[in-house]
Amino acid sequence: MIHYRSPLEIELIRKSALLVGDALAEAAKMLKPGVTTMQVDARIEQFIRDNGAVPSFKNYQGTYPFATCISVNDAVVHGFPTNNVLKDGDIVSVDVGAFMNGYHGDSAYTFIIGTTTDEVKKLLRVTKESLYKGIEKAVHGNRVGDISFAIQDYTEKQHGYGVVRELVGHGLGRNLHEDPQVPNYGKRGTGTKLKEGTVIAIEPMINLGKKDIYHDEDGWTIRTADGLPSAHYEHDVCIKKGKADILSSFASIEAAEKANANLDATYY
């Protein structure tokens, strides 16, 4: 079932989504060589709870044990925070959800610790740009396939990257995952018709190499089959006539990223 949200509901989702952005900014402030992703997870959970919300991911489906998904290098998504220390050149994707006032927010951002190759920088830039290519198509009267095609065309057709098929964006609201599913690949003019008031999470998951993935032994972490890096960015978007309303924000994340000398923000 697809839900069409009232103006009040949309503002409540926006409030949760903006909190998620600020939580991701907390990660941006502390990421550096020597820090563990478990420390990042603890800080984000505390920040979410201090702001009157609860982490959406904690105990998801009764089994996920952390407040965040933190995926490093060849981990695409759903990475377990660990006590392994981060090092120079690591690519770190942080995915966070927050539940407040009955509604979820959900957003993700990928960071570069220290220095990396121009090839990897380009992957992050193109993935981030593809998110906005998809958002441009998230308007009343279009179809889900228009979003999917825009992302796939930019990342796979124009730049030769691997677009993960098994994982998709989704509707968002009272539940963390709702209809419709929003793949990052597809054909224009196909799929569910988009109507004003629908809230969706658009989240390109793009691999430097092939599209193929596998589940790690922890049962959650998903990795690239060829061991090459992957990037992940996510915004919450409300379908409107003419132009989508982006409910989440990268503003505080980007400000913290640029202020942290241990992070490379030159890729965009």
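If you check an unreviewed UniProt entry, the protein appears there as Methionine aminopeptidase from Lacibacter cauensis. The protein has a UniProt comment under Subunit (unreviewed entry) that states "Monomer."

Looking at the sheet that holds strand 11 (residues 213-215)
Read from one edge to the other, the open sheet built from 3 strands follows the order 3-12-11, with strand pairing classed as antiparallel. The strands lining the two open edges of the sheet, one partner per strand, are strand 3 (75-77) and strand 11. The sheet shows a mean angle of 40° between the axes of neighbouring strands, direction not considered.

Structural notes on the side chain of threonine 36
Within the fold, threonine 36 resides in the loop between helix 1 (7-30) and helix 2 (37-50). Discounting chain neighbours no more than four positions away, the residues touching threonine 36 are Thr82, Asn83, Asn84 and Val85.

Here's the deal with unusual backbone geometry
In this chain, aspartate 179 is followed by proline 180 through a cis amide linkage whose omega measures 0°. Considering the arrangement of structural elements, one finds proline 180 in strand 8 (residues 178-182). For histidine 78, which is not glycine, the phi torsion reads 65° and is therefore positive. Relative to the helices and strands, histidine 78 is located in the loop between strand 3 and strand 4 (91-100).

What counts, and where the lines are drawn
Residues numbered from 1 in each chain as written. Predicted model: local features only at pLDDT ≥ 70, side-chain atom pairs only at ≥ 80, totals over all residues. Heavy atoms only, no water. UniProt positions renumbered as here; feature names shortened; annotations may be inferred. Pairing = 2+ DSSP bridges. Helix = DSSP H or I, 4+ residues; strand = E, 2+ residues; numbered from the N terminus. Axes fitted to C-alpha atoms, helices over the stretch in contact; angles between N-to-C directions. Contact = heavy atoms within 4.5 Å.

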